[in-house]
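Remarks on the overall topology
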Amino acid sequence: MSGPDALLLLLTAGSFAALVIAAKLPVSLSLAASSVALALAAGEGVPIDHLVEGMFSYLDVVLVLFAAMIFMKVIEANGLLAELTRSLVVLLGRSPSVLLVALTIVIMFPGMITGSCTASVLGTGVIVAPVLMRMGLPRDTTGAVVSSAAVYGMIAPPVNVPVMIIGGGIDMPYVGFGLILAVLTIVPAVLTTMWLARGKVERARLAEVVAESRAEIAASAAGGWRRGLLYLPLAVVVALMAGPRTFPGWFPDPRLPLTFLVGSALAAVAGRRVPLAAAARAGVREILPVAGILVGVGMLIEMLTLTGLRGAIVVGALSIPSAFLFASIAVILPLFGGISVYGGASVLGVPFALALLGRNQIVVLAALSLIGAMGSYLPPVAFTPVVAAGAIGGPYLRIVRRCAVPAAAAVVVGTLILIYANPVARVFGL
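Our subject in this report is the structure included herewith. Computed from a predicted structure; not experimentally measured.

This part takes up the overall build of the protein. Looking only at helices and strands, one finds 21 helices and zero strands in the protein. In terms of C-alpha radius of gyration, the protein reaches 22 Å, essentially the compact-globule figure of 22 Å for 430 residues. Viewed in the frame of its principal axes, the protein has a C-alpha envelope of about 70 × 45 × 45 Å. Put simply, the protein has 430 residues, and 53% of those count as buried. For the protein, the accessible area works out to roughly 17,700 Å², and carbon and sulfur atoms hold 70% of it. Looking at charge distribution, the protein has the averaged site of its 25 positive side-chain charges lying 13 Å from that of its 16 negative ones.

Before going further, it helps to spend a moment on the packing of aromatic side chains. In the structure shown here, the tally under the stated rule is three aromatic pairs. Ring centres of tyrosine 174 and phenylalanine 177 lie 5.4 Å apart, and the angle between their planes is 15°; this geometry places the pair in the stacked category.

The subject of this paragraph is the environment of alanine 215. Within the element layout of this structure, alanine 215 appears in helix α11 (residues 203-220). Assessed through its relative accessible area of 47%, alanine 215 is described here as partly exposed. Put simply, alanine 215 and leucine 7 are 208 residues apart on the chain and 65 Å apart in space, counted from C-alpha to C-alpha.

Moving on, we get to the pattern of salt bridges. Scanning the model with the defined rule gives six salt bridges in all. Where arginine 134 meets glutamate 212, a salt bridge forms, and the shortest distance between an N and an O atom there is 2.2 Å. In this pair, arginine 134 sits in helix α7 (residues 117-134) while glutamate 212 sits in helix α11, placing the two residues 78 residues apart along the sequence. Using a relative accessible area of 32% as the deciding quantity, one classes arginine 134 as partly exposed. According to the relative accessible area criterion, glutamate 212 is partly exposed, its value standing at 38%. The salt bridge involving aspartate 253 is made with arginine 255; its shortest N-O contact spans 3.1 Å. Judged by its relative accessible area of 37%, aspartate 253 is partly exposed.

The end-to-end C-alpha separation of helix α16 (residues 322-337) is 22 Å, in line with the 22 Å expected for 16 residues at 1.5 Å each. The axis of α16 is deflected most strongly, by about 30°, at isoleucine 329. Buried within α16 we find Leu325, Phe326, Ser328, Ile329, Leu333, Pro334, Phe336 and Gly337.

Looking at the secondary structure, you find threonine 193 in helix α10 (residues 178-197). Dropping the residues within four chain positions of it, threonine 193 is found in contact with Leu100, Thr104 and Val145.

This part takes up unusual backbone geometry. With an omega dihedral of 10°, the bond running from proline 157 to proline 158 counts as a cis peptide bond. Inspection of the secondary structure puts proline 158 in the loop between α8 (139-154) and α9 (161-169). Even without a glycine there, the phi angle at arginine 255 is positive, about 70°. If you trace the backbone, arginine 255 turns up in helix α13 (residues 255-267). With relative accessibility at 58%, the residue arginine 255 sits in the exposed group.

The next point concerns the nonpolar core. Formed by 139 residues in total, the largest nonpolar core has its most connected members in Met135, Phe260, Ile329, Leu365, Leu368, Met374 and Leu418. Leave out the neighbours within four places in its chain, and isoleucine 329 touches Pro334, Phe352, Leu356, Leu368, Ile371 and Leu418.

This part is about helix α5 (residues 80-92). Relative to the 18 Å expected for 13 residues at 1.5 Å per residue, α5 spans 18 Å between its end C-alpha atoms, a close match to the ideal helical length. Looking only at α5, the buried set comprises Leu80, Leu81, Glu83, Thr85, Arg86, Ser87, Leu88 and Val89.

As a further point, take the packing of helix α18 (residues 361-373) against helix α20 (residues 396-419). The N-to-C vectors of α18 and α20 enclose an angle of 160°; their axes lie 9 Å apart at closest approach. By the criterion of interaxial angle, the relationship of α18 to α20 is roughly antiparallel. Our pair here, α18 against α20, has a crossing hand that is left-handed. Judged by residue contacts, Val363, Val364, Ala367, Leu368, Leu370 and Ile371 of α18 engage Ala410, Val411, Gly414, Thr415, Ile417 and Leu418 from α20. Residues of the contact of α18 with α20, tallied by class, amount to ten nonpolar, two polar and no charged.

Before going further, it helps to examine a nonpolar patch on the surface. Taken together, the side chains of Leu40, Val46, Ile48, Val52, Met55, Phe56, Leu59 and Leu63 present a nonpolar region at the surface, about 710 Å² in accessible area. Breaking the nonpolar patch down by element, the ones donating at least two residues are α3 (48-55) and α4 (59-77). A per-element tally of the nonpolar patch places α3 first, with three residues. Here valine 46 shows up in the loop between α2 (27-41) and α3.

Turning our eyes to something else, we now look at the environment of isoleucine 180. Among the secondary structure elements, isoleucine 180 is positioned in helix α10. It is 28 Å that separates the C-alpha atoms of isoleucine 180 and serine 264, two residues lying 84 residues apart in sequence. Among all residues touching isoleucine 180, those that are not within four sequence positions of it are Ile362, Val363, Ala366, Val424, Phe428 and Leu430.

Rules behind the numbers
Residues numbered from 1 in each chain as written. Predicted model: local features only at pLDDT ≥ 70, side-chain atom pairs only at ≥ 80, totals over all residues. Heavy atoms only, no water. Helix = DSSP H or I, 4+ residues; strand = E, 2+ residues; numbered from the N terminus. Rg over C-alpha atoms; globule rule 2.2 N^0.38 Å. Buried < 20%, exposed > 50% of the residue type's maximum accessible area, 1.4 Å probe, protein only. Areas by Shrake-Rupley, 256 points an atom, 1.4 Å probe, with all protein chains shown as cover. Lys, Arg positive; Asp, Glu negative; His and termini not counted. Charge placed at Lys NZ, Arg CZ, Asp CG, Glu CD. Phe/Tyr/Trp six-rings, centres within 6.5 Å; stacked < 30°, edge-to-face > 60°. Salt bridge = Lys/Arg side-chain N within 4 Å of Asp/Glu carboxyl O. Expected span 1.5 Å × (residues − 1). Bend = angle between axes of the 7 residues up to and from the residue. Contact = heavy atoms within 4.5 Å. Core = buried A, V, L, I, M, F, W, Y, C linked by side-chain atoms within 4.5 Å. Axes fitted to C-alpha atoms, helices over the stretch in contact; angles between N-to-C directions. Parallel < 35°, antiparallel > 145°, perpendicular 65-115°, else oblique. Left-handed = near helix turned anticlockwise from the far one by under 90°. Nonpolar A, V, L, I, M, F, W, Y, C, P; charged D, E, K, R; others polar. Patch = residues over 30% accessible without salt bridge, like charges linked within 9 Å, V, L, I, M, F, W, Y side chains within 5 Å.

What follows is the structure, encoded as structure tokens:
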């Protein structure tokens, strides 16, 4: 990379970090301001047309996030999430390990459909956390379990925003990622929970939780058919998502935004009645910061392209020897993800993916998203532990310390998958 390009890159990264850390501006505004600063420094002025074009680069992803978050708010308000947690406790309460696995996936669920770790923490995390603490888990361990599951839920299928961002940058469709993303997220999430909670569940207290949950179900359910009706919207959403892949050719694909809106409409009249407009406003308000980040990411990528810096980054990445390239990915991507996982995916994920074009790109993008997501634990931002600590209580640094070893292990695993991407792809039939 030439001297002027290196200076521009340093200016962009420095201004972004200063705005987020020192000025404490939202990540979305920091990305937009850094985009304008880059254009000015490169002598392009303020190219409004390019900035507006960049703002709409991820419109399809934003629509998915809005629709998914509305669905989450509706099933939270109608009682489905609480009912699901109680039912799992009653059904699986005899086996603490199996119950922990199920509760981990429940925490992941909102992130899986919204691509937002905040949705997992504030959606199912705050419902599951009291159950975990009543089972005997300390507060900081509970926060670590919720935080870890939320981070993995953010990059789990069907919605993985970092992969969508990188795929958009290299013109690769978001197709064929389901199986490998499921393995790279659900398996480590479950293993992390078991590592954090091993030996901490007290069977006597778990029996009390099961008895309380059984009593709550008996008190809240007027009849079996009403409980079945409560699960109907979730079943319809799963069917609309799986149908086109299971029966291609004759099962129409409604796409994710319409799928979640249909589920929201059904959930609004199942269980407790929910004002759909109020739930929609609440969902959009909660996911708006993530949507703003995607708008800022689109602007930054557009400016990197306009100034030629994107090509210079790619050329520089391609010139790095393989050993140093993998080491750079393992270190730099989580560090940048500590500021913004989405920002790291756009600024670094795209050139790293292009530098690894000789390897299976589905595997590469999945592994890059895994490595980058581990930056969520890094101070001073440590976004997911901070949100989890705020919702559950206690200092966030204790959660960070609990998650440090599993996160480092995930980075190592992701790096090994990058190195052996083609053999891994053959295992998954990609």
